[in-house]
Every structure is written in structure tokens, then in C-alpha cells.
Amino acid sequence: MKVCRIRWAVLVAASLVAALASAVTLGQVDDFQDGTLMFWGGGAALTNVANGGPNGAGDRFLQIQSNGGSGPGSRLATLNTNQWSGDYIAAGVQAVEMHLNNFSAQDLHMRIVVFGPGLATQWTSAQAVVLPAGSGWRRVTFLLTQSALTRVSGTDSYTTCLSNASQLMIRHNVNASSGGDPIAATMGMDNVTAVVGPTLLPNVFQILTGVPQSGNVQSLWFQDTDRLVVREAPPIALGLPSVDIRIDGTSLLTTVSGMSLRVVTSTSAVPAAATTQVVQMRNFSASIWETVDTRAGTGSDNAIVITPTGDPNRFIQSGTRLVQVRIRWFDPGTLFTFGWVGRINQVNWLTTP
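For clarity, every value in this text was computed on a predicted model and none was experimentally measured. (Residues numbered from 1 in each chain as written. Predicted model: local features only at pLDDT ≥ 70, side-chain atom pairs only at ≥ 80, totals over all residues. Heavy atoms only, no water.)

(A) Inspection of the overall build of the protein chain at higher detail. Within the protein chain one finds three helices and 24 strands. Burial analysis of the protein chain (353 residues in total) assigns 48% to the buried set. Within the protein chain, residue pairs in contact and separated by at least 24 positions form 76% of the contacts whose partners lie at least 6 positions apart. Carbon together with sulfur atoms contributes 56% to the accessible area of the protein chain, which is approximately 15500 Å² in total. (Helix = DSSP H or I, 4+ residues; strand = E, 2+ residues; numbered from the N terminus. Buried < 20%, exposed > 50% of the residue type's maximum accessible area, 1.4 Å probe, protein only. Contact = heavy atoms within 4.5 Å. Areas by Shrake-Rupley, 256 points an atom, 1.4 Å probe, with all protein chains shown as cover.)

(B) Seen up close, the sheet that holds strand 15 (residues 204-209). Sheet architecture is open: five strands sit in the order 15-18-23-20-21, paired in antiparallel fashion. Because the sheet does not close on itself, it has two edges, and the strands there are strand 15 and strand 21 (288-296). The average undirected angle you get between the axes of adjacent strands in this sheet is 20 degrees. For strand 15 and strand 18 (residues 243-250), the ladder comprises five bridges, and the chain directions are antiparallel. From the neighbouring strand, Ile207 faces strand 18, where its bridge partner is Ile245. (Pairing = 2+ DSSP bridges. Axes fitted to C-alpha atoms, helices over the stretch in contact; angles between N-to-C directions.)

(C) Here's a closer look at the nonpolar core. Formed by 37 residues in total, the largest nonpolar core has its most connected members in Trp40, Trp84, Tyr88, Met98, Leu100, Leu144 and Met189. Ranked by residues supplied to this core, first place goes to strand 13 (residues 184-195) with five residues. Judged by nonpolar contacts, the second largest core, of 33 residues, contains Met259, Ala269, Ile316 and Trp340. (Core = buried A, V, L, I, M, F, W, Y, C linked by side-chain atoms within 4.5 Å.)

(D) Spatial organisation of the side chain of Thr199. Mapped onto the secondary structure, Thr199 falls in strand 14 (residues 199-200). The residues contacting Thr199, other than those within four sequence positions of it, are Glu97, Thr141, Asn348, Trp349 and Leu350.

(E) Representation of the pairing of strand 17 (residues 228-231). The sheet contact formed by strand 16 (residues 211-214) and strand 17 spans three bridges and is antiparallel. Bridging across to strand 17, Val211 finds its partner in Arg231. Bridge analysis of strand 17 against strand 24 (residues 341-352) gives four bridges, and the strand direction is antiparallel. Across the sheet, Val230 pairs through a bridge with Gly342, a residue of strand 24.

(F) Here's a closer look at the confidence of the model for the protein chain. Counting all residues, the mean pLDDT for the protein chain is 92, and 94% of those residues have values of 70 or more. A low-confidence stretch, residues 1-21 stays under pLDDT 50, and its non-local contacts, those more than four residues away or across chains, total zero contacts. (pLDDT = per-residue confidence, 0-100.)

(G) Focus on the packing of aromatic side chains. The tally for this structure, following the rule as stated, stands at five aromatic pairs. Judged by centre distance (5.2 Å) and plane angle (80 degrees), the ring pair of Phe61 and Trp137 falls under edge-to-face. Of this pair, Phe61 sits in strand 4 (residues 61-67) while Trp137 sits in the loop between strand 9 (129-131) and strand 10 (138-143), and the two are 76 residues apart along the sequence. In this pair, the class of Phe61 matches that of Trp137, namely buried. When the centroid spacing of 6.5 Å and the interplanar angle of 90 degrees are considered together, the rings of Phe103 and Trp137 count as edge-to-face. (Phe/Tyr/Trp six-rings, centres within 6.5 Å; stacked < 30°, edge-to-face > 60°.)

(H) Structural context of the pattern of salt bridges. Tallying each qualifying case throughout the model produces seven salt bridges. The salt bridge partner of Asp293 is Arg295, with a shortest N-O separation of 2.8 Å. A relative accessible area of 12% places Asp293 in the buried class. Among the ionic contacts, a cluster of salt bridges with common partners joins Asp244, Arg326 and Arg328. (Salt bridge = Lys/Arg side-chain N within 4 Å of Asp/Glu carboxyl O.)

(I) Quick peek at the layout of surface pockets. Roughly 660 Å³ of internal volume is contained in the largest pocket. Residue lining of the largest pocket: 25 residues in total, with Val129, Arg139, Val140, Thr141 and Leu252 positioned closest to the centre. Among the elements of the structure, strand 9, strand 10 and strand 14 are those that each provide at least two residues to the lining of the largest pocket. With six residues, the top contributor of residues to the lining of the largest pocket is strand 10. For the lining of the largest pocket, the per-class residue count stands at 15 nonpolar, eight polar and two charged. Approximately 540 Å³ is the volume found for the second largest pocket. Lining the second largest pocket are 28 residues, and of these Glu97, Arg139, Thr199, Gln346 and Asn348 lie nearest its centre. When contributions to the lining of the second largest pocket are tallied by element, the ones reaching two or more residues are strand 6 (95-102), strand 13, strand 19 (258-267) and strand 24. Of the residues assigned to the lining of the second largest pocket, the class counts are 10 nonpolar, 14 polar and four charged. (1 Å grid on protein atoms, 1.4 Å probe; cavity = no way out; pocket = protein on both sides within 12 Å on 5 of 7 lines; lining within 4 Å. Points joined across faces, edges and corners; volume = space filled by probe spheres on them. Nonpolar A, V, L, I, M, F, W, Y, C, P; charged D, E, K, R; others polar.)

(J) Here's a closer look at the pairing of strand 13. Among the 12 residues of strand 13, 11 are classified as buried, and the element is accordingly described as predominantly covered. Bridge count for strand 1 (residues 29-30) against strand 13 is two bridges, and the pairing is antiparallel. Bridging across to strand 13, Val29 finds its partner in Thr193. For strand 4 and strand 13, the ladder comprises six bridges, and the chain directions are antiparallel. Each residue of the ladder has a partner; that of Gln65, found in strand 13, is Thr186.

Written as C-alpha cells, this is what we have:
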């Protein structure tokens, strides 16, 4: 009897450890770089592809392929009952972000689905993310706030479901339902990330002062070896910057409770610290450019996260949801070099519902 009790205690302890290990945590990322499916499964055919993710060669991703018709494999969907189960509310996870790529010839309507305890209840995206045919890699956000989800099966409340999630699913579903839609399609998925709110990526930039050297708007999405590079130009008046770049994005949310700005920059100026780098955000309420960070330039990439105090909604234009930032470098006139450049590796806005 004592041996049985000991074995039972061991089994209980092991199950508790497994539950804790699989619980969703803020900031967790599935990037598939370990060559596995990272516990994603389901009826669709899943493959860990070695190359061709958002970062190109060597960037692995998960390929999901469905065959349409009926039965197993007919629906474009994948699910996870391991690291994506648990208490989303306690973990502070209010959104799941990922890169998706539609390799198919027809549009996909992607939704996230949270299954409650026992799989009886499903809460899914009220609005689908439409992924056009041949989309290329796109960063998408699935909000998990109550207003962004709708219950399509079961009776569990939003709070009960999100605090006791047994399974997370990503699927094609034109109209929100409990079963998804059959379709023959192929999609890539990568960098599945648990976040507190949507990360906004730049969609356009404008060089106000300076000469473009290399890079495009996609150069601003990731912190990697691809940068937007702009050569200095003589300012049109004393006290103005030698490099001045405006970057625009679009907020997914009309109003937010918080906003932070992540910027990764460097300069080739010598000495780099002699330049002054200024970051401004557009304050639409006051119709001004508000300086949110001032510091010396750096010769190597320097990542800074700026969280302005006060109401963050002043940085979101009403109606359009436009957000804007300017990154500027000032030449003090004492540099040892000419033709130096300002480099921007990454710009992201991080918002909280």
C-alpha cells in the first residue's frame, strides 16, 4: 500500500510539472528553428521547412497543407495543446502574433480559436485576417480580448475559457463557426509569439533630409543585418538635422492603454558620439512632433525602448489610426568624416489594448 501511495504521488507530481511546463507565458515564441513541429498538430499535413521563412535562407518555418473535400486533412488548421494551453488571463497574454504566408491561389480567412476546458467551448476571432493569394510573409495579430472574440460553441464564459484554455488553434474559416471550412491550400507559419498587445510594423517611410543608400520598408521590420541606410546631406538651415527620416505605421486599435516604441539604430559618423540622435513621435492631439528621446549616436546597433508618459492615444490619429515617428541625426560640425550615414535596423510600436 505504501508503494502504491508513493507511485501515485510521483504520478501526480509529474503531471503537475508537465502542466506547469506547458502553460502559456508572455513572450514565448515558436520559431521552429529546432527542426521540429514544436507540438503543433492536427489533421492537415505539417512540415518543418528548412529555408524560406521571413528572414530567408536558414530561417525555418512550419508549412501547413490541406487537401479540401471532406474528412481528415480537408481543413487548413493546426492546433497546439502543449505550450499554448493554460491561463492566458493570468499570464497577461492579450494577443498572439505570427508571420503567415499564403502560398495558394485563393485567399485565406484566418482566425484564432481558444478551446476551453474539455474542448466543449470555442471562442474564435470575430473578424478574420484575410491573407490574399500569394501574399508573401506578413506579420499578423490575433487579438484575444473579449471584444475581439466570439463564442461559436459551448457555454463557458470568456473568462472561464481563456483562464483554462486546453487548446489553441489557427484555422481558415470564412464565417466564424465551430468547424472551419474545407479548402485545398498551403500556408506557412512562423514566429508565433504571445504578446500583451499588437506590435505595429512600419508600412512606409520618407527621407526628409539625406540621400538614400540602401534598404526598404521591410528593412525596418526585424533586427538583423538588413538596414535602411541614409547618407547625410547639408541641412537647409543652421540647427536642422543632417539625416531626417519619417516612418509611418497603422494601429490595429482605435484606442490603447499603453504604447512603447522600439528603435534600433547606428551611425558611421566618426566619432559617432559626437552626433546627436533625436526620436520624435507625432502628437496628433496637439499637431506637433513630440521629442521622446535624445542621446548621442552609436557606431554599432543600439536598441532602445521608449515609453512616453501620459495618454498614449495622442500618438494615434483619430479615424485613420496613423502613427508616425521621426529619427534624426544632428552634425555638430566637429566630425572627422564626411559622407557618413544614419542606419535604422528596426522600428516597432508595441501597443496594449
